[in-house]
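# Architecture at a glance
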Amino acid sequence: MGEKPLSDLDRKRQISLRKLPVVEDLNSIKESFNRHLHYSLVKDRNVATKRDYFNSLAHTVKDHLVGKWIRSQQSYYEKDPKRVYYLSLEYYMGRALTNTMINLGIQGECDEAMYQLGLDMEELEGVEEDAGLGNGGLGRLAACFLDSLATLGYPAYGYGIRYEYGIFKQSIDGNGSQVELPDDWLKFGNPWEKARPEYMIPVEFYGRVESDASGKNHRWVDTSLIFATPYDQPIPGYGNNTCNTMRLWAAKSPKGFDLSYFNDGDYIKAVLDRNLAENISRVLYPNDNFFEGKELRLKQQYFMVSATLTDIVRRYKAPKFGSKVPVRMTFDDFPDKVAIQLNDTHPSLAIPELMRVFLDKEKLSWDKAWDICVKTFSYTNHTVLPEALERWPVNMLEYILPRHLQIIYEINSIFLKKVEKLWPGDLDRMRRMSLVEEGPEKRINMSHLCIVGSHTTNGVAALHSELLKTTVFKDFYEMFPEKFQNKTNGVTPRRWLLLCNPGLSDLICEKIGDDWITDLSKLKKLERYVKDRNFRHSFMRKKQENKIRLAAFIKEEFGVDVNVNSIFDVQVKRIHEYKRQLMNCLHVIVMYNRLKADPNMDFVPRTIMIGGKAAPGYYMAKLIIKLFNNIAKVINNDPIIGDKLKLVFLENYRVSLAEKVIPAADLSEQISLAGTEASGTGNMKFMVLLDKYATI
């Protein structure tokens, strides 16, 4: 237990999962690295910075990826399979370098090449900014799904928004309070992305609707235009030839500077008006599990789904040059070639948008268009909390998206007629199930729209799915029992075991091989070693090494000395009342008071860590952070307590920090109010690291 662990670099170089690199591979990587340093970055070793070296390595790794990326897309166009389109307003991707090297199987070669060039791989990995384009579990789930889809070889695309500023950077001031700083993650560029301005798409807002004399044909006119520019990022599968695409949209002004302002001498207004249009993709809303009907948020949602559906329809109708598939003239095959998954209600406007495309542009009948829509869409619900369900004000929709409100009203009218036919005279049921909620401010219930407009609705854990059927969507389950499914969430073992805990990964592979990397059920083979003294000792040694590393990080970053032989008691998640970080604080106070009353009591030393961000406008959550930090000031500076009890707030908790914390944890606190935690993917990351063996 007290052995000094290998350095991170030596540990990586000794991992048996990676084959020993041959000289040709090493020379190729070093040559490519130097070429990018000189020709891509225009630097030499005399003036290059760590960031330059990181970018050179990223470009080198990307060179090994683009061939698979291109061939994967060529294969999809030639074979014309059914494609999966995952629509999400959030993707909490974290860092890409190490994950990409692992999935390509070149981490060993890259480690050795950097070592021979006199560079520290750990330092280079640390330079990369986290792509913090998500708030928490929902966004991280989307990222894990993309990894798994590529590893399973599915032809899949992730669509979202390229936020210029991601989830804020959290700082803790001298009073223990959270301070939000801008997360300018694109400040130094993103070596993994490729801009595709040739696929720029117009997106419309505002305006009015014109109808012909029959009332059947509609035109959305006098609209305000914004362009969506796609940026593509490769998503490599593990150990295969599949490389899928995550396409994120950035808002661009549809015009240059207004010359009339220049003629009037108002240059500043010309610039500001141009930038105003581009605010749509400027920043990710940091609020989570609480709905706020902000106009900018609605515009972000429609901006993403409009550009995405235009892209999907384009791809469906006209395969690329060289494909054996002819141009499609009808939409009869659309549900057989297109599957669209809505990650929560954030992309729910995709339903009326696809109806608008079919009705107004493609001139399909209502019944035909609706049948295709329902067969195409699937909806994932992420919460049963009433305050989190999206309900957009009708007056806002009428102002920003007048045609879509018309379509939603028509969907609701037809739907309520079916409800009335099944339950004649049950006006209260019709009120409960209506897409339109009456009241002082009339609102559209977006979860109702998703259920009605999709062929499946799923919760993200067995308990959650049952609660949907028995509580919040009980009426809909009674009407559409065949639509309701369960799809228990998961996490990718590539990032959450292989990448972040290579020591344990190596031990597992030594015992049972490496099939578990793509099939976690293979971990059951470890059961035969549960009583194996040598295996248990090795497991605990790996755990202790992880704890020593985390303790060193905590000392360097937060200035707190922690006892590596104490229980690492961890609660890391967004700060929210229902997650009950406050109860954790009260437990800490109880332990402290008991120790103060009897310093010699039989007490196992404990280091309690809490990490997570509170939404900027969430007063109570921010107060909980302040409380924990002020408790920590008292306890951590009490000489009577010493190292028996320590508190650490993990400032600016993010994916890359989770990769350090989770492998070192002894105890994961999952104490949310019963029925409120949809699935708890955070705890799955602790579970996949086999913490249960630490207690044997």
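Residues numbered from 1 in each chain as written. Predicted model: local features only at pLDDT ≥ 70, side-chain atom pairs only at ≥ 80, totals over all residues. Heavy atoms only, no water.

### Examining the sheet that holds strand 20 (residues 567–572)
Taken in spatial order, the four strands make up an open sheet running 22-21-20-23, and their pairing is parallel. The strands lining the two open edges of the sheet, one partner per strand, are strand 22 (645–650) and strand 23 (667–668). Direction of pairing for strand 20 relative to strand 23: parallel, over a ladder of two bridges. The residue of strand 23 that forms the bridge with D569 is L667. The strands touched by helix 23 (residues 581–597) are strand 20, strand 21 (606–611) and strand 22; relative to strand 21, the strand with the most contacts, the crossing angle is about 155°. Running at roughly 145° to strand 22, helix 24 (residues 619–636) makes contact with strand 21 and strand 22 of the sheet. (Pairing = 2+ DSSP bridges. Helix = DSSP H or I, 4+ residues; strand = E, 2+ residues; numbered from the N terminus. Contact = heavy atoms within 4.5 Å. Axes fitted to C-alpha atoms, helices over the stretch in contact; angles between N-to-C directions.)

### Some remarks on the sheet that holds strand 17 (residues 443–445)
Sheet architecture is open: three strands sit in the order 15-17-16, paired in antiparallel fashion. Edge strands, defined here as strands with exactly one partner in the open sheet, are strand 15 (391–393) and strand 16 (436–437). Bridge count between strand 15 and strand 17: three bridges; the pairing is antiparallel. Bridge pairing in strand 17 links P393 to R443.

### Regarding the UniProt feature "modified residue: N6-(pyridoxal phosphate)lysine" (unreviewed entry) in the protein
When the UniProt feature table is mapped to this numbering, "modified residue: N6-(pyridoxal phosphate)lysine" (unreviewed entry) covers K685. Assignment of secondary structure puts K685 in helix 26 (residues 681–688). If we ignore the near neighbours within four places in the chain, the residues touching K685 are R140, V491, W496 and I662. (UniProt positions renumbered as here; feature names shortened; annotations may be inferred.)

### Here's the deal with the nonpolar core
When a protein is soluble and globular, its nonpolar side chains tend to lie buried together. Counting residues in each nonpolar core, the largest one holds 143 residues, and the members touching the most others are F205, F303, F334 and F415. No other element matches helix 10 (residues 295–317), which puts 10 residues into this core. Beyond its immediate chain neighbours, meaning those up to four positions away, F415 contacts M433, L435, V452, F476, M479 and F480. Ranked by size, the runner-up nonpolar core spans 27 residues in total, among them I29, A96, L104 and M121. (Core = buried A, V, L, I, M, F, W, Y, C linked by side-chain atoms within 4.5 Å. Buried < 20%, exposed > 50% of the residue type's maximum accessible area, 1.4 Å probe, protein only.)

### What about the packing of aromatic side chains?
With the rule as written, the count across this model stands at 22 aromatic pairs. Plain terms: the ring middles of F553 and F558 are 6.2 Å apart, the flat faces sit at 90° to each other, and that makes the pair edge-to-face. Classification of F558 as partly exposed rests on a relative accessible area of 22%. Here the basic side chain of R196 rests over the ring of W69, its NZ or CZ set 6.0 Å away from the ring centre. Looking at K685, its charged tip hangs above the ring of W496, at a distance of 4.8 Å from the centre. (Phe/Tyr/Trp six-rings, centres within 6.5 Å; stacked < 30°, edge-to-face > 60°. Lys NZ or Arg CZ within 6 Å of the ring centre and 35° of its normal.)

### Examining the pairing of strand 22
The buried count for strand 22 comes to six of six residues, which makes it a mostly enclosed element. Side chains L645, L647 and F649 project from strand 22 onto one buried face, and the interleaved K646, V648 and L650 project onto a second face that is buried too. Bridging between strand 21 and strand 22 involves six bridges; their strand directions are parallel. Paired with I610 across the strands is F649, a residue of strand 22. In this fold, the crossover linking strand 21 to strand 22 by way of helix 24 has right-handed handedness. (Right-handed = clockwise from strand over helix to strand, strands pointing away.)

### Points about the side chain of N489
Position of N489 relative to the elements: it lies in the loop between strand 19 (484–486) and helix 20 (493–499). Residue classification places N489 among the buried residues on the basis of a relative accessible area of 8%. One polar contact links N489 to S679, side chain to side chain, over a distance of 3.1 Å. Leave out the neighbours within four places in its chain, and N489 touches L141, F145, H382, V460, S679, T681 and M684. (Polar contact = N/O pair within 3.5 Å; in protein donor to acceptor, adjacent residues only side chain to side chain.)

### Brief notes about the pairing of strand 6 (residues 178–181)
If a strand is regular, its side chains alternate between the two faces of the sheet. When strand 5 (residues 169–172) meets strand 6, the two strands line up antiparallel, connected through four bridges. The residue of strand 6 that forms the bridge with K169 is L181. The antiparallel hairpin formed by strand 5 and strand 6 contains five residues in its connecting segment, where G176 sits at a positive phi of about 85°.

### What to know about the pattern of salt bridges
Opposite charge on two side chains permits pairing when their charged atoms draw close. Taken as a whole and judged by the stated rule, the model has 45 salt bridges. Taking the shortest distance from any N to any O, the salt bridge between D475 and R432 comes out at 2.7 Å. Of this pair, D475 sits in helix 19 (residues 474–479) while R432 sits in helix 16 (residues 427–433), and the two are 43 residues apart along the sequence. A relative accessible area of 11% places D475 in the buried class. (Salt bridge = Lys/Arg side-chain N within 4 Å of Asp/Glu carboxyl O.)

### Thoughts on the state of the cysteines
As used here, a disulfide is simply a covalent bond connecting the sulfur atoms of two cysteines. Using the criterion set out here, one finds zero disulfides in the structure. Here C509 is not cross-linked by a disulfide; its sulfur's nearest cysteine counterpart is in C500, at 14 Å. Look at C509 and you get buried, because its relative accessible area is 14%. (Disulfide = S-S within 2.5 Å.)

### Re the packing of helix 10 against helix 12 (residues 350–361)
Think of two packed helices as two axes; the pair is described by the angle between the axes and how far apart they sit. The geometry of helix 10 relative to helix 12 is characterised by a closest axis approach of 10 Å and an angle of 45° between their N-to-C directions. Here helix 10 is positioned oblique relative to helix 12, judged by the angle of their axes. The element helix 10 and its partner helix 12 pack so that their crossing is right-handed. Facing helix 10, whose interface residues are Y302, V305, S306, L309 and V313, helix 12 presents A350, E353, L354, R356 and V357. (Parallel < 35°, antiparallel > 145°, perpendicular 65-115°, else oblique. Left-handed = near helix turned anticlockwise from the far one by under 90°.)

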